[in-house]
Amino acid sequence: MPTHTSLNRRGFLKGSTGAGLLICSSQVAFGYKANEKLNVACIGVGGQGVSNTRGVSGENVVAVCDVDEKRAAQMLKQYSGTKRYKDFRLMLSEMDKEIDAVVVCTPDHTHAVAAVGAMKQGKHVYCEKPIATSTEIALELYRECEKAEVKHGVVQDKLWLPGMLKLKGLIEDDFFGNILSVKGDFGYWVFEGHTIPAQRPSWNYRKEDDGGIIVDMLCHWRYVLDNIFGQVKGVFCLGATHISERIDENGKPYNCTADDAAYSIFELEGGIIAQFNSSWTTRVRRDDLLTLHVDGTKGSAVVGLRDCWTQDYGNTPKPVWNPDIPNPIDFKEGWTKVSEEEEFDNAFKAQWELFLKHVVLDTPFPWNLMEGAKGVQLAELGIESWEKKTWINIPDLK
């Protein structure tokens with residue numbers, strides 16, 4: 001994975017204070033009462049940070065930090081009475097004793113810098129993916145958080161989407177029998193900005209800013225596959241930059257140097273084959289912006305962000321290939337929608353509440369920064385596969 005020019009491994013180890021990854025003597029936030037709220041600071045509250053900041057609104061949000069006031073305007077208005085900063089280092093310095101935990105949701109290449117700054121001051125760290133710009137830095141961040149004895153987690157919110165929870169329920173009920181394959185389709189058309197404004201930030205399309213859909217989405221696919229189907233054991237990935245020029249936030253054209261589409265095949269433990277198309281250059285004619293089609297020996301399912309449709313063995317049609325006549329089978333007829341048996345909370349909020357229990361009650365929380373490092377690893381190896389046009393086996397991280 002490309003390393004941002006301002007943050008190589010040496011720069012990361014120096015961190016935001018230039019003192020190396022040495023843990024400061026600030027108070028570590030343990031010993032809360034079960035019903036006590038945490039004092040939370042949010043670093044990055046625009047873009048993706050909007051939903052993440054909403055997800056922690058049940059706590060005491062004591063500070064918000066964002067360098068882009070225009071992009072962060074919604075949350076800055078909502079928290080108009082809260083202390084606001086443009087520099088997270090100043091925030092951590094001035095509010096050291098008032099902050100228990102930090103949520104990091106800045107542009108990707110700054111996640112590790114903000115996380116290590118918070119960790120050094122004994123703050124619990126909850127970080128968006130990818131947690132770093134390389135596997136090496138991600139592992140360093142995990143190890144130092146462990147040494148500091150702060151609680152740490154990575155956002156893996158898709159696991160709590162209603163569609164994914166329904167899918168997990170089907171697997172637990174052995175609906176599929178032996179799962180054979182998973183086909184994932186994600187994406188939508190991101191406008192270039194020439195006539196219609198783009199709905200994603202320009203850094204997403206610049207390699208020098210650690211942009212690209214492989215970096216962005218393979219982290220997601222790693223935890224979805226690992227947690228629902230089985231550990232990812234190998235990858236082949238082909239990236240592409242289909243749109244060569246876009247318009248930035250200032251109305252100026254720029255050359256796109258990062259991939260805007262990725263076509264990936266994964267081998268999972270147990271022999272399951274997964275293939276994912278990820279694209280910001282596709283138009284949607286499917287049930288949702290993300291769909292998974294899961295095939296098993298006893299049945300199949302199609303899952304979106306919220307809905308899940310199934311077809312069991314007995315309702316599987318028996319088509320015969322004949323392109324000379326209209327197909328007599330309505331292939332959507334034999335599918336049944338999984339019913340809503342419960343109300344589902346916001347996915348980020350659901351995982352955040354588990355992290356809070358982990359902080360306050362020391363309950364297990366497996367979605368830690370090591371899991372975040374695995375996502376970075378898959379993205380890094382996906383890029384290597386693309387560059388070498390070859391299959392890459394995935395080693396275990398330690």
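In the block above lies the structure referred to throughout.
Residue positions are given per chain, counting from 1 as you read along its sequence in written order. At least 70 in pLDDT is required for a residue's local features to be given in this predicted model, at least 80 for side-chain atom pairs to be given and counted, and no such filter applies to totals for whole chains, interfaces and linings, which use all residues. Excluded from the side-chain calculations are hydrogens and water; all other atoms, namely the structure's heavy atoms, are used.

A. Local environment of the overall build of the protein. Starting at the N terminus, helices and strands are each numbered in turn, a helix being any DSSP run of H or I of at least four residues and a strand any DSSP run of E of at least two. When helices and strands are tallied, the protein shows ten helices and 17 strands. In summary, the protein has a C-alpha radius of gyration of 22 Å against a globular reference of 21 Å for 398 residues, a match within 12%. Considered along the principal axes of its C-alpha atoms, the protein spans approximately 75 × 50 × 40 Å. Here the term buried applies to any residue with accessible area under 20% of the maximum for its type, exposed to any over 50%, and partly exposed to those in between, with areas from a 1.4 Å probe on protein chains only. For the protein, the residues scored as buried account for 55% of the 398 residues in total. By sequence separation, contacts in the protein at least 24 residues apart represent 70% of the contacts at least 6 residues apart. Computed by Shrake-Rupley with a 1.4 Å probe, the accessible areas treat only the displayed protein chains as cover when residues are assessed. Of the roughly 19,000 Å² of accessible surface on the protein, 49% is carried by carbon and sulfur atoms. The globule rule used here is 2.2 Å times the number of residues to the 0.38 power, and the radius of gyration it is set against is calculated over C-alpha atoms. Whether two residues are in contact is decided by their heavy atoms: any pair within 4.5 Å suffices.

B. Representation of the packing of aromatic side chains in the model. Two rings from Phe, Tyr or Trp (for Trp, the six-membered ring) form a pair when their centres are within 6.5 Å of each other. A pair whose planes differ by under 30 degrees is stacked, one over 60 is edge-to-face, and the rest are tilted. Across all of its chains, the model carries 13 aromatic pairs by this definition. Ring centres of Phe266 and Phe276 lie 6.1 Å apart, and the angle between their planes is 65°; this geometry places the pair in the edge-to-face category. Taken as a pair, Phe266 in strand β11 (residues 261-268) and Phe276 in strand β12 (residues 273-279) lie far apart in primary sequence, ten residues in all. Above the plane of the ring of Tyr205 lies Arg246, whose end atom (NZ or CZ) is 4.1 Å from the centre. Lying across the ring of Trp189, Arg283 places its NZ or CZ 4.0 Å from the centre. Criterion for a charge above a ring: Lys NZ or Arg CZ within 6 Å of the ring centre, and within 35 degrees of the ring normal.

C. A look at the layout of surface pockets. By volume, the second largest pocket is sized at about 480 Å³. For the second largest pocket, the lining is made up of 16 residues, of which Arg286, Asp287, Thr291, His293 and Val302 are closest to its centre. Counting residues per element, the ones that place at least two in the lining of the second largest pocket are β7 (179-187), β12 and β13 (290-296). Under the scheme applied here, ten amino acids are nonpolar (Ala, Val, Leu, Ile, Met, Phe, Trp, Tyr, Cys and Pro), four are charged (Asp, Glu, Lys and Arg), and all others, including Gly, are polar. In terms of residue class, the lining of the second largest pocket is built from five nonpolar, five polar and six charged. Both cavities and pockets are sets of points on a 1 Å grid over the protein atoms alone; in a cavity a 1.4 Å probe fits but cannot get out, in a pocket the set is open with protein on both sides within 12 Å along at least five of seven lines, and lining residues sit with an atom within 4 Å of a point. Grid points are joined across faces, edges and corners, and a volume is the space filled by probe spheres set on the points.

D. Region of the structure containing the pattern of salt bridges. Here, a salt bridge means any Lys or Arg side-chain nitrogen found within 4 Å of an Asp or Glu carboxyl oxygen. For the structure shown, the criterion picks out 19 salt bridges. Note that Glu340 is salt-bridged to Lys166, the shortest N-O span being 2.7 Å. Of the two residues, Glu340 sits in the loop between β16 (336-337) and α9 (347-361) while Lys166 sits in helix α7 (residues 162-172), which places them 174 residues apart along the sequence. On the basis of relative accessibility, which here comes to 44%, the residue Glu340 falls in the partly exposed class. Among the salt bridges present, the one from Lys349 reaches Glu353, with a minimum N-O distance of 2.8 Å. Highlighted residues: Lys349 and Glu353, both in helix α9, separated by four residues, approximately one helical turn. The exposure class of Lys349 is partly exposed, given its relative accessible area of 27%. Where salt bridges share partners, they join Lys129, Arg200 and Asp216 into one cluster.

E. Molecular detail of the side chain of Lys123. Examined against the element boundaries, Lys123 turns out to sit in the loop between α5 (111-120) and β5 (124-127). Relative accessible area serves as the criterion here: at 2%, Lys123 is assigned to the buried category. For Lys123, the side chain forms a polar contact with the main-chain oxygen of Ile99, separated by 3.0 Å. Contacts described as polar in this section are N or O atom pairs within 3.5 Å, which, within protein, must combine one atom able to donate a hydrogen with one able to accept it, while residues neighboring in sequence count only if both atoms come from side chains.

F. Highlighting the pairing of strand β14 (residues 299-303). Counted residue by residue, β14 has five buried out of five residues, so it is predominantly covered. Burial of β14 is two-sided: the residues Gly299, Ala301 and Val303 facing one way and the residues Ser300 and Val302 facing the other way are all buried. Only when DSSP finds a minimum of two bridges between them are two strands counted as paired. Alignment of β13 against β14, held across four bridges, turns out to be antiparallel. Across the sheet, the residue bridging to Asp295 is Ser300, located in β14. The antiparallel hairpin formed by β13 and β14 contains two residues in its connecting segment. Here β14 pairs with strand β15 (residues 308-312) via five bridges, running antiparallel.

Distances and angles like these do not, on their own, reveal function.
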